[in-house]
Each structure stands twice: as C-alpha cells, then as structure tokens.
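Architecture at a glance
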Amino acid sequence: PNDFMAQLNLVNFYSENGQIDAAVNTMRRVVSLVPPARPDYARFAEFFNQLQILQRDIQTVQQSPNDVNTRRTLAVRWKARGQAPFAIPEYQAIARLAPNDYDAHKNLVLLNLQSNHLDDAQRALITAVTLSPDNDKPLWQNVQAAINAHKANKFDEAVRAAQAAVALASDADKAALQAYVTLLRVLQERTASK
C-alpha cells in the first residue's frame, strides 16, 4: 500500500480499463504518498483532478442518461483521452437520442475506424455522409476509399486515402484519423512480412 510505483501502475490499469471510481480512489492514495515538494507533484495532482472530472461526468450521465449534452461532454472527454471503446457507446447514445446529430455520427465513424471496426464505421459513415455539410464530402470520400481498400487488403491504397482524409480533417478529428493510419501501417507491415 505504500509503494508509490505499484499504486501508480494500479491507477493506470484502472484508468485504461474505464474503472474510474477505482482509479480515483487509488490516485488519492498516490497523491498522499507524493511529497508536495517533489518536482512532479503538480503533474500527479493534475492527473488526479482530471480523473475526478471524468468521474463527475460519468456520474452526471448516470443521473441524466437521456441528456445529449452530458453524454457529449463525457464522449469528448473519453475521445480526448484516446479511449475509443468508452467514447463509442456515448456517441451511440447521442445518435440514438438525436438521430440527426452529425457530430455523433462523424465520431462513430472515426472512433470505429481507429478501433478497426470496419462494419460499424461503414454503417455510421452512411449516416454521416447524409448529414454532413458539403465541405466535409471530400473527407468522407477519402474515408470510404480507405475502408474499401482496407477491406480488400490493399493497404498501400488504404494508407494513401486515410492520409488524404487526415489532411482534410478538422484539428479535433486528426488524432482519430491518424490513429487509423497507424493501424493501417501495422496491418500493411504484417501483410508484407508474410
């Protein structure tokens, strides 16, 4: 219980697995073990604060599960943490509560691509394209080309199309698309090494 690194590793495990209540409780212990004079104390305190904010967002959604805005706040927080498996259900709930919400469908495409869930991404893409403004159409054309090439195991083409999509994406969406490019490159390397 007094081993700082063991406790910090446990916080990271809980956090990565979406067990935020346990992460907050364990991080409370970590912060108590770190002397305030330590140079990185502020970093630990900030991480603890971020976990507590996430915990409050989760509790708010639990109290108001049909509130689109609370769902969106939580979804954005999960997405910013790079935790697509937890952001996806929130965006799915938004899409269910507000079927014409372009942002929800757009994020379902991007996060499902990042998670290598091509069929789910394809389904969300159909709705996203329908709801998208005209200036986003080229982005979705490149995403569709990447999906088609990916499904055909044509990874060179998929990477090129996904990179073109990254270039067209807003700053908020670049990270998810770049994660998809990285996934495609890993698949490309695996295929090449066979």
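Anyway, here's the lowdown on the structure attached to this text. (Residues numbered from 1 in each chain as written. Predicted model: local features only at pLDDT ≥ 70, side-chain atom pairs only at ≥ 80, totals over all residues. Heavy atoms only, no water.)

Notes on the overall build of the chain
Quick reminder of the rule: Strands are runs of DSSP state E lasting at least two residues, helices are runs of H or I lasting at least four, and both sets are numbered from the N terminus onward. For every residue, the accessible area (1.4 Å probe, protein chains only) is compared with the maximum for its type, and the residue is labelled buried under 20%, exposed over 50%, or partly exposed between those bounds. Residue contacts are counted whenever heavy atoms from the two residues lie within 4.5 Å of one another. For accessible areas, the Shrake-Rupley method is used with a probe of radius 1.4 Å. Any residue's cover is judged against the shown protein chains and nothing else.
Within the chain, the secondary structure is distributed over 10 helices and zero strands. Reading the helices (α) and strands (β) of the chain from amino to carboxyl end gives α-α-α-α-α-α-α-α-α-α. On the principal axes, the C-alpha backbone points of the chain span a range of 55 × 45 × 25 Å. In the chain, which comprises 194 residues, the share counted as buried stands at 41%. If you take every contact in the chain between residues at least 6 apart in sequence, the share linking residues at least 24 apart comes to 52%. With an accessible surface of roughly 10,300 Å², the chain has 51% of that area assigned to carbon and sulfur atoms.

Regarding unusual backbone geometry
At Asn116, a position not held by glycine, the phi torsion is positive, near 65°. Positionally, Asn116 belongs in the loop between helix H6 (102-114) and helix H7 (118-131). Given a relative accessible area of 34%, Asn116 falls into the partly exposed group. For Asn153, which is not glycine, the phi dihedral falls at a positive 60°. As for its placement among the helices and strands, Asn153 is situated in the loop between helix H8 (137-151) and helix H9 (155-168).

Re the nonpolar core
Filter applied, for reference: We define the nonpolar core as a collection of buried residues of types Ala, Val, Leu, Ile, Met, Phe, Trp, Tyr and Cys that are connected through side-chain atoms lying within 4.5 Å of one another.
By size, the foremost hydrophobic cluster in this structure holds 58 residues, and its most contacted members are Met27, Leu113, Trp140, Val143, Leu177 and Tyr180. Sequence-distant contacts of Val143, defined by excluding residues within four places in its chain, comprise Val109, Leu113, Leu125, Ala165 and Leu177.

Observations regarding the packing of helix H1 (residues 4-16) against helix H2 (residues 20-33)
Filter applied, for reference: The axes are straight lines fitted to the C-alpha atoms, using for helices just the contacting stretch, and the angles between their N-to-C directions are given from 0 to 180°. Each angle gets one of four labels, with under 35 degrees taken as roughly parallel, over 145 as roughly antiparallel, 65 to 115 as roughly perpendicular, and the rest as oblique. Should the near helix be turned counterclockwise from the far one by less than a right angle, the crossing is left-handed, whereas a clockwise turn marks it as right-handed. Gly is placed with the polar residues, together with every amino acid not listed as nonpolar (Ala, Val, Leu, Ile, Met, Phe, Trp, Tyr, Cys and Pro) or charged (Asp, Glu, Lys and Arg).
Where H1 contacts H2, the axes come no closer than 8 Å and their chain directions differ by 155°. Looking at the two axes, H1 sits roughly antiparallel to H2. Judged by the twist between their axes, the crossing of H1 over H2 is left-handed. For the pair H1 and H2, the contacting residues are Phe4, Gln7, Leu8, Leu10, Val11, Tyr14 and Ser15 in the first and Ile20, Ala22, Ala23, Thr26, Met27, Arg29, Val30 and Leu33 in the second. Of the residues belonging to the contact of H1 with H2, the class tally is 11 nonpolar, three polar and one charged.

Examining the packing of H6 against H7
In the contact formed by H6 and H7, the axes pass within 8 Å of each other and the chain directions differ by 150°. When the interaxial angle is binned, H6 and H7 end up roughly antiparallel. Here the hand of the crossing between H6 and H7 comes out left-handed. Contact residues: Tyr102, His105, Lys106, Leu108, Val109, Asn112 and Leu113 in H6; Leu118, Asp120, Ala121, Ala124, Leu125, Thr127, Ala128 and Leu131 in H7. Among the residues forming the contact of H6 with H7, the class breakdown is 10 nonpolar, three polar and two charged.

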